[in-house]
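# Chains, contacts and geometry: an overview
What follows is each chain in one-letter form.
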Amino acid sequence: MSAPSVSSNSLVRSLFLGKTPAASFLPFPVPDAETRETTEEIVAMVSSWAADAIDPAAIDTNKTIPKEVIDGLSELGLLGLIVPEEHGGIGMGQYTYSRVMEVVANRCASTVTVIGGHMGLCMKPVLLFGTDEQKARWLPTFANGETIGSFALTEAGAGSDAGGLRSYAELQEDGSWKLSGTKAMITNASFANVFAVFARTPDPAFPTAPLLERPISCFYVRAAADGVTVSAEENKMGLCGSSTCEVSFDEVIVPAGDLIGAQGAGFKIALNTLNTGRHGLAACCIGQAKLATGLAFTQATERVQFGKQIAEFGLVQEMLAGMRADVYAMEAGTHLAAGLIDRGESDYLLESACCKIFATERLWTLANDALQVAGGMGFMREYPFERIVRDARINLIFEGTNQILRTLIAGQGLRPLFREEQSEHGPSAVPEDFAVELRAEAERALAIAAQLGAKTSELAKKNARALLADQSTQARLSETAVSLYTAFAVLAKATAEIALEQDDQNKADLVDLVRLSARRRLVGASRALARLDDPDTELEHRVVASAIG
Amino acid sequence: MNIVACIKRVPATETQPKIASDGKGMDHSRVEYMLSFYDEIALEEAIRTKEAAGGEVTALTLGPAEATKEIRDCLARGADKGTLLTDPEWHARDTRTTARALAAQVTALGAEIVFCGRQATDRDNAAVGPMMATYLGWACVTDVIELSIDGTKGHAKRESERGIESYTFDLPAVITCQKGLNEPRYAGLKGIMAAKKKPIEEIAPELVQNMTEVLGVELPPARPAGRIIGQGTDAIPALLEALRTEAKVL
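Parameters at a glance
- Residues numbered from 1 in each chain as written.
- Chains lettered and ligands numbered in written order.
- Predicted model: local features only at pLDDT ≥ 70, side-chain atom pairs only at ≥ 80, totals over all residues.
- Heavy atoms only, no water.
- Contact = heavy atoms within 4.5 Å.
- Buried area = accessible area lost by both parts, 1.4 Å probe.
- Salt bridge = Lys/Arg side-chain N within 4 Å of Asp/Glu carboxyl O.
- Polar contact = N/O pair within 3.5 Å; in protein donor to acceptor, adjacent residues only side chain to side chain.
- Helix = DSSP H or I, 4+ residues; strand = E, 2+ residues; numbered from the N terminus.
- Nonpolar A, V, L, I, M, F, W, Y, C, P; charged D, E, K, R; others polar.
- Domains from an automatic or database assignment.
- Buried < 20%, exposed > 50% of the residue type's maximum accessible area, 1.4 Å probe, protein only.
- 1 Å grid on protein atoms, 1.4 Å probe; cavity = no way out; pocket = protein on both sides within 12 Å on 5 of 7 lines; lining within 4 Å.
- Points joined across faces, edges and corners; volume = space filled by probe spheres on them.
- Axes fitted to C-alpha atoms, helices over the stretch in contact; angles between N-to-C directions.
- Left-handed = near helix turned anticlockwise from the far one by under 90°.
- Patch = residues over 30% accessible without salt bridge, like charges linked within 9 Å, V, L, I, M, F, W, Y side chains within 5 Å.
- Areas by Shrake-Rupley, 256 points an atom, 1.4 Å probe, with all protein chains shown as cover.
- Lys, Arg positive; Asp, Glu negative; His and termini not counted.
- Charge placed at Lys NZ, Arg CZ, Asp CG, Glu CD.
- Expected span 1.5 Å × (residues − 1).
- Phe/Tyr/Trp six-rings, centres within 6.5 Å; stacked < 30°, edge-to-face > 60°.
- Lys NZ or Arg CZ within 6 Å of the ring centre and 35° of its normal.
- Core = buried A, V, L, I, M, F, W, Y, C linked by side-chain atoms within 4.5 Å.
- Bend = angle between axes of the 7 residues up to and from the residue.
- Disulfide = S-S within 2.5 Å.
- Pairing = 2+ DSSP bridges.

## Concerning the interface of chain B and chain A
In this assembly, 10 residues from chain B lie in contact with 19 residues from chain A. Across the chain B/chain A interface, buried area totals approximately 1200 Å², and carbon plus sulfur atoms make up 63% of it. For the chain B face of the interface with chain A, the top three residues by lost area are Tyr186(B), Leu189(B) and Ile192(B), together amounting to 51%. For the pair chain B and chain A, the number of links is 2 salt bridges. Between Glu37(A) and Lys196(B) there is a salt bridge, with its nearest N and O atoms 3.9 Å apart. The tally of links from chain B across to chain A stands at 5 residue pairs in polar contact (both at pLDDT 80 or more). Broken down by element, the side of chain B that touches chain A gets its largest block of residues, 5 residues, from helix 5 (residues 188–195) of chain B. Across the side of chain B that touches chain A, the residue classes break down as 5 nonpolar, 1 polar and 4 charged.

## Some words on the domain arrangement of chain A
Residues and elements named next belong to chain A. Taken domain by domain, chain A holds domain 1 (5–24 + 282–533), domain 2 (33–143) and domain 3 (149–264). Each partner contributes to the roughly 520 Å² buried at the junction of domain 1 and domain 3, and carbon and sulfur atoms together form 68% of this total. Looking only at domain 1, the three residues that lose the most surface to domain 3 are Arg390, Asp391 and Ile404, adding up to 66% of its buried area. Counting across the interface, domain 1 meets domain 3 through 0 salt bridges.

## Considerations on the pattern of salt bridges
Tallied over the full model, the rule gives 41 salt bridges over all chains. The residue Asp326(A) makes a salt bridge to Arg362(A) at a minimum N-O spacing of 3.0 Å. Pair noted here: Asp326(A) is in helix 10 (residues 314–342) and Arg362(A) is in helix 11 (residues 349–374), with a separation of 36 residues, a long-range link. For Arg362(A), a relative accessible area of 23% translates into the label partly exposed. With a shortest N-O distance of 2.8 Å, Arg118(B) and Asp143(B) are connected by a salt bridge. Of this pair, Arg118(B) sits in the loop between strand 6 (113–117) and helix 4 (128–136) while Asp143(B) sits in strand 7 (residues 139–150); the two residues are 25 residues apart in sequence, bridging distant segments of the chain.

## Quick notes on empty space enclosed by the protein
All names here are of chain A. Across all of its chains, the model carries 2 cavities of 30 Å³ or more by this definition. What the largest cavity holds in volume is close to 60 Å³. Pro56, Ile59, Asp60, Arg107, Cys108, Ala109, Ser110, Gln288, Leu291, Arg387, Ile388 and Asp391 together form the lining of the largest cavity. As a volume, the second largest cavity reaches approximately 40 Å³. Lining the second largest cavity are Ala329, Met330, Gly333, Thr334, Cys354, Cys355, Phe358, Ala359, Tyr485 and Thr486.

## Comments concerning the packing of helix 2 (residues 33–53) of chain A against helix 5 of chain B
Two elements in contact, helix 2 of chain A and helix 5 of chain B, have axes whose closest approach is 10 Å; the angle formed by their N-to-C orientations is 145 degrees. Crossing handedness for the pair helix 2 of chain A and helix 5 of chain B: right-handed. Here helix 2 of chain A contributes Thr38(A), Glu41(A), Ile42(A) and Met45(A) to the contact with helix 5 of chain B, which in turn contributes Gly188(B), Leu189(B), Ile192(B) and Met193(B). Residue classes in the contact of helix 2 of chain A with helix 5 of chain B are distributed as 5 nonpolar, 2 polar and 1 charged.

## Focus: a negative patch on the surface
Residues and elements named next belong to chain A. A contiguous patch of negative charge on the surface is contributed by Asp503, Asp504, Asp509 and Asp512. Secondary-structure assignment places Asp509 in helix 16 (residues 504–530). Asp509 gets classed as partly exposed once you look at its relative accessible area, which sits at 41%.

## Section: helix 6 (residues 109–122) of chain A
For helix 6 of chain A, which comprises 14 residues, the first-to-last C-alpha distance of 18 Å matches the rise-based estimate of 20 Å (1.5 Å per residue) to within 8%. Of all 14 residues in helix 6 of chain A, 14 are buried, a share of seventy percent or more.

## Some thoughts on the packing of aromatic side chains
Summed over the entire model, instances satisfying the criterion amount to 12 aromatic pairs over all chains. Both rings, one in Trp138(A) and one in Tyr220(A), keep their centres 4.9 Å apart while their planes meet at 70 degrees; by these two values the pair is edge-to-face. Of this pair, Trp138(A) sits in helix 8 (residues 132–143) while Tyr220(A) sits in strand 6 (residues 216–222), placing them 82 residues apart in sequence. You'll find Trp138(A) and Tyr220(A) in the same group, each marked buried. Above the plane of the ring of Phe313(A) lies Lys308(A), whose end atom (NZ or CZ) is 4.9 Å from the centre. In this structure, Arg9(B) packs its charged tip against the face of Tyr33(B), placed 4.1 Å from the ring centre.

## Examining a nonpolar patch on the surface
All names here are of chain B. On the surface, Ile236, Leu240, Val249 and Leu250 cluster together into a nonpolar patch covering about 380 Å² of accessible area. Position of Ile236 relative to the elements: it lies in helix 6 (residues 236–245). Accessibility expressed as a relative area gives 44% for Ile236, which makes it partly exposed.

## Quick look at the nonpolar core
Formed by 93 residues in total, the largest nonpolar core has its most connected members in Leu81(A), Phe142(A), Phe198(A), Tyr220(A), Phe115(B) and Ile175(B). Looking at which domains feed residues into this core, each of domain 2 (33–143) and domain 3 (149–264) of chain A supplies at least three. Listed in part, the 86 residues of the second largest apolar core include Ile310(A), Val327(A), Val482(A) and Phe488(A).

## Things to note about helix 14 (residues 439–469) of chain A
Given a rise of 1.5 Å per residue, 31 residues ought to cover 45 Å, yet the end C-alpha atoms of helix 14 of chain A are separated by just 38 Å, more than 12% below that figure. Taken as a whole, helix 14 of chain A carries its principal kink of about 115 degrees at Asn463(A).

## Section: the state of the cysteines
Tallied over the entire structure, the rule returns 0 disulfides over all chains. With no disulfide of its own, Cys122(A) lies closest to Cys218(A) among cysteine sulfurs, the gap being 8.1 Å.

## Structural notes on the environment of Ala442(A)
Residues and elements named next belong to chain A. Tracing the chain through its elements places Ala442 in helix 14. In this structure Ala442 comes out as buried when scored by relative accessible area, which is 0%. Residues Ala442 and Arg515, 73 residues apart in the sequence, show an inter-C-alpha distance of 9.9 Å. Leave out the neighbours within four places in its chain, and Ala442 touches Pro431, Phe434 and Leu491.

## Considering the sheet that holds strand 4 (residues 56–63) of chain B
Residue and element names in this part refer to chain B. Read across the sheet, 9 strands follow the order 9-8-7-10-6-1-4-5-11 without closing on themselves; strand pairing throughout is mixed. The open sheet has two edge strands, strand 9 (163–170) and strand 11 (200–203), and neither has a second partner. The sheet shows a mean angle of 30 degrees between the axes of neighbouring strands, direction not considered. Here helix 3 (residues 95–109) sits on the sheet in contact with strand 1 (2–6), strand 4, strand 5 (81–86), strand 6 and strand 11, set at roughly 150 degrees to strand 4. Taken strand by strand, helix 4 contacts strand 1, strand 6, strand 7 and strand 10 (173–177), and its axis lies near 180 degrees from that of strand 10.

## Quick notes on the side chain of Glu351(A)
All names here are of chain A. Mapping Glu351 onto the fold places it in helix 11. In this structure, Glu351 is buried with no salt-bridge partner, the nearest side chain bearing the opposite charge being Arg13 at 6.3 Å. Setting aside residues no more than four positions away along its own chain, Glu351 makes contact with Ser10, Leu11, Val12, Ala337, Leu340 and Tyr485.

## Brief notes about unusual backbone geometry
With an omega of -10 degrees, the peptide bond running from Leu26(A) to Pro27(A) counts as cis. Inspection of the secondary structure puts Pro27(A) in the loop between helix 1 (11–15) and helix 2. A cis amide bond links Leu171(B) with the next residue in sequence, Pro172(B), at an omega value of 0 degrees. Turning to its location among the elements, Pro172(B) is positioned in the loop between strand 9 and strand 10. Despite not being glycine, Lys248(B) shows a phi value in the positive range, around 55 degrees. Looking at the secondary structure, you find Lys248(B) in the segment after helix 6. Look at Lys248(B) and you get exposed, because its relative accessible area is 63%.

What follows is the structure, given as structure tokens:
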């Protein structure tokens, strides 16, 4: 019997096999002219509104987002951005969504969570899995802001491990459901009118299954229903204006029609929702990264020490250059994935995870560097630097911790090796596919990709079982893949931009920026690969084991 | 009511102006443009007038082909159609040439009321609106901060150095709009999508010769660097002295 064949256009999956299918990132995807024009008009409008209507410092200090801001999001029609026209929205795709998330995040990280929780998470189950009747009933009210949504998946005992979910719903004789459970750290909780709640439901094929073995289903539960209690706001380190509460459901009756998707399909619904949600989060990081970068450059050119602008000092330049290089790379990775999503690729799970890991970690470093450039002033609440740092911290945790996502990427990437699946890839990229100015970086990226394939295959042959249980090795393989995915995104985006640039000086500036951006990613990839042979892993295990007894 | 809002494409507020190589104007390469601030108020008043009295709003401008972007912005906010008097040399026209071309088109459109910004934020001439009214032989109230239209009669308040002046006038009229008259709306997503279906007419205007000629343009001199006179309370006498003798503000 021949091995099963997996056809995938996923660059990240291919990287684990040492392949770089050119069609997965070249030419760099660009939306059609009309989408571009519409997106620019929307972004300009939202940017000018956000500058007038949102006061990020006041939102942070007062720990609340004024009602007028949330009403403003509705009045502008922003909450219907991705809702199809027939349901009251304007039906834009992931590229436009990510640009809008970026521009709102550029103004205020707390405010953008309202859109993320509502449109990026709560609305998705009905958008992706709802019946026509459910779409007609829910989407128009989501789009016009009459209903503000919240996504209720996490529980105290079910964070990274959704398998620990204990909320449950029982089918009533009249077809409705009786739902009970407590959800933790729920975004938008205090003002949402509806919660997308994930709860265990009976398995018709195995009615006596213990609770934790029952399948999960997704319900829309109205906040006004009897038995729904929203607790006081959590006291958080960052995103202080956003609403985060515990929400408990005590025998809440949910009408039959508000089970979203099939009974038992909840896990799949949650995964699909988080998949695009992570991509949106990466876009938010771009917005905050641009904010921090702009502030750092202003500071570095205005602040004079030892008789010159601090921007003239090498160690400050190292930080400033890194910021610009990282912002370029964050955009490249995120917009490459947006292009895949918008052209209808179904397999972007790993690309989305790469975007989330890369953007959240680069923003964290970049925000700290911006604060460093500002010096002691950056530590003062009077200035925005420390707020950006506080707001950036949660990104490494929510929508899948970066550790969990690294094991997810490796687990998925290694699958063909364990299952002896034959994967089909289009022809791999060659150095000539890239702008001539970037040939050296392209050759190096292709060489590291080949090394990753060889190393992965060697490890799988040596001891597949050990590899499956070894998070450290998985994380290093993933790290190499994340860096390579981003490097190829940078090289592809830059190749397209260099070809279009007419002005010699602009072109030279662009080449400098993208070479720096690509080289930093390649250093990251090489380091992660080199750490595969790192003897410290064994020491780390032993040091922790001896401490915990 | 047949309503026209005259708008202008101007360099965005954050633009750092550079002088063109001939020294007679601005270098227009790499400049981002936007709708002039006071024209946003004019457009808003035009839309509010339509919402109160019915009718149609035309956004009218003299500009390059790219000015469809600013017209599209007006359509997204609620204007019904746009007219672009296409002129690649728009930035070199003097106020009289511009006013004559706009007045001719206002007549062709059959407008009953025209709203302009009090001035464009690039040259700050504050002249095109009143000149247009003169060519049309219409009433004109400038710097309007309050307006009501009742049939064919209008009531306006304008701000002047002497205080608030109140006027009444008969339509047709030209109104130039001052900050405070209204709070311009944002287009919104629906508006942006609706604008795509609204018509923009592009017309090659008949233009008269300029009566003024630009001889040269210079940037203002760079501001001298600040000076730290001293530290703490000991420095106050020296500071007072400098404010009296150097800055001459005391």
